[in-house]
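# Observations on the model geometry
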Amino acid sequence: MTYKGLPLYDVLFFDEKSVFNNIALVTEPAIGEDFIQLSKQNINMKIDQEKRIVSGPALIPDEPIYRNQGGKSYYIKYTADTIKQMAINFFKTGRQTEGNVEHMMNVQGITFFESYLLNKERGIAPKEFENLPDGTWILSARVDNDDVWELIKQGALTGFSISIEGVGLNEEKEIETLEDFLNYLNNNE
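Residues numbered from 1 in each chain as written. Predicted model: local features only at pLDDT ≥ 70, side-chain atom pairs only at ≥ 80, totals over all residues. Heavy atoms only, no water.

## Here's the deal with the overall build of the chain
The following threshold applies: Strands are runs of DSSP state E lasting at least two residues, helices are runs of H or I lasting at least four, and both sets are numbered from the N terminus onward. Buried, partly exposed and exposed residues are distinguished by accessible area as a fraction of the type maximum, computed with a 1.4 Å probe on protein chains only: under 20%, between the cut-offs, and over 50%, respectively. What makes two residues a contact is simply this: any of their non-hydrogen atoms within 4.5 Å. Surface accessibility in these figures is a Shrake-Rupley result with a 1.4 Å probe; residues are shielded only by whichever protein chains are displayed.
From N to C terminus, the chain includes three helices and 13 strands. Per-residue burial over the chain gives 45% buried out of 189 residues. Across the chain, the fraction of contacts at a sequence separation of at least 24, relative to all contacts at a separation of at least 6, is 67%. Accessible area for the chain stands at about 10,000 Å²; split by element, carbon and sulfur atoms hold 45% of it.

The structure is reproduced here in structure tokens:
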């Protein structure tokens, strides 16, 4: 399968050992969707200034996400079922307070407290996210860290990005770990 002339792989969630490293607040979310501001409806980032809450999509089903590893360009995507399994595992493994900034700097004071999957048939489809497909994972986080909150207010952090390991890509050769995947990319030029 290809997208824009590059390989496109489905990300697979194997089991509870497939875990998140973290969910980061980032400048440019790979999924292409920013937070949504609760108090400023005219922009894409949802922030409640008084309550220090940000809300937005973490993953969107079947949305191609560009990646470049070791000079190899490709796209990945997550199915709605994989996203559901990942959302469940995120809470099952107690990672609600393990947020960071740009996947590099672990910080205290970010708490993910709200999570749901869009489902229009069940009425779980806030108007702010009506343009996103069913199965999109929406998160809300309270940000008590003053430095991180200031970056959000300045527009330096605009969305969520997930970092995971223990997943594979659906293609002719099954890949069981991130290390296997990176080795595969390096050996298949």
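## What to know about the pattern of salt bridges
Just so we agree on the cut-off: Criterion for a salt bridge: a side-chain nitrogen of Lys or Arg within 4 Å of a carboxyl oxygen of Asp or Glu.
Counting across every chain of the model gives seven salt bridges. Across the salt bridge formed by Asp 10 and Lys 77, the nearest N and O atoms sit 2.5 Å from each other. One end of the pair, Asp 10, is in strand 2 (residues 6–13); the other, Lys 77, is in strand 7 (residues 72–78), and 67 residues separate them in sequence. Here the two residues Asp 10 and Lys 77 agree in accessibility, since each one is buried. Residue Arg 95 is joined to Glu 98 by a salt bridge in which the shortest nitrogen-to-oxygen separation is 2.7 Å. Residues joined by salt bridges that share partners form a network here, namely Asp 10, Asp 62 and Lys 77.

## Brief notes about the pairing of strand 6 (residues 65–69)
Just so we agree on the cut-off: Strand pairing is defined by DSSP finding a minimum of two bridges between the two strands.
Note that strand 6 and strand 7 share five bridges and pair antiparallel. Paired with Arg 67 across the strands is Tyr 74, a residue of strand 7. With antiparallel pairing between neighbouring strands as the criterion, strand 6 and strand 7 make up a hairpin whose turn holds two residues, including Gly 70 at a positive phi of roughly 55°.

## With respect to the packing of aromatic side chains
To keep things clear, this is the line we draw: Working definition: rings of Phe, Tyr and Trp (its six-membered ring) pair if their centres are within 6.5 Å, and the pair is stacked with planes under 30 degrees apart, edge-to-face with planes over 60 apart, and tilted otherwise.
Within this structure, the stated rule accounts for seven aromatic pairs. Relative to Tyr 75, the ring of Tyr 66 has its centre 5.6 Å away and its plane inclined at 70°; by these criteria the two rings are edge-to-face. On the accessibility criterion, Tyr 66 (39% relative accessible area) is partly exposed. Take Tyr 75: its relative accessible area is 10%, and that puts it in the buried class. With 5.8 Å between their ring centres and 70° between their planes, Phe 90 and Trp 137 make a pair best called edge-to-face. Taken as a pair, Phe 90 in helix 1 (residues 80–92) and Trp 137 in strand 11 (residues 137–143) lie far apart in primary sequence, 47 residues in all. Residue Phe 90 shares its accessibility class with Trp 137, and that shared class is buried. Aromatic ring contacts, followed pair by pair, group Phe 90, Phe 91, Phe 112, Trp 137 and Phe 160 into a single cluster.

## Overview of helix 2 (residues 146–153)
So the rule is basically this: The directions from the helix axis to the C-beta atoms form the arc being described. Think of a polar contact as two N or O atoms within 3.5 Å of one another; within protein, one of them needs to be a possible hydrogen donor and the other a possible acceptor, and neighboring residues in sequence only count if both atoms come from side chains.
Along helix 2, the residues that are buried comprise Val 148, Trp 149 and Ile 152. End-on view of helix 2: buried residues confined to an arc of 100°, all on one side of the axis. Seen from the open side of helix 2, the exposed residues pointing more than 90 degrees away from its buried face are Asp 146 and Asp 147. The N-cap residue of helix 2 is Asn 145: its side-chain oxygen and the backbone nitrogen of Asp 147 are 3.0 Å apart. One or two steps after helix 2, the chain reaches Gly 155, where phi turns positive at roughly 85°.

## With respect to the nonpolar core
Side chains of a nonpolar character, in soluble globular proteins, are inclined to be buried together. The test is simple: The definition of a nonpolar core used throughout is a set of buried Ala, Val, Leu, Ile, Met, Phe, Trp, Tyr and Cys residues joined through side-chain atoms within 4.5 Å.
In this structure, Leu 25, Tyr 78, Trp 137, Val 148 and Phe 160 are the most contacted members of the largest nonpolar core, which totals 36 residues. Looking at this core, the element that brings in the most residues is strand 11, giving five residues.

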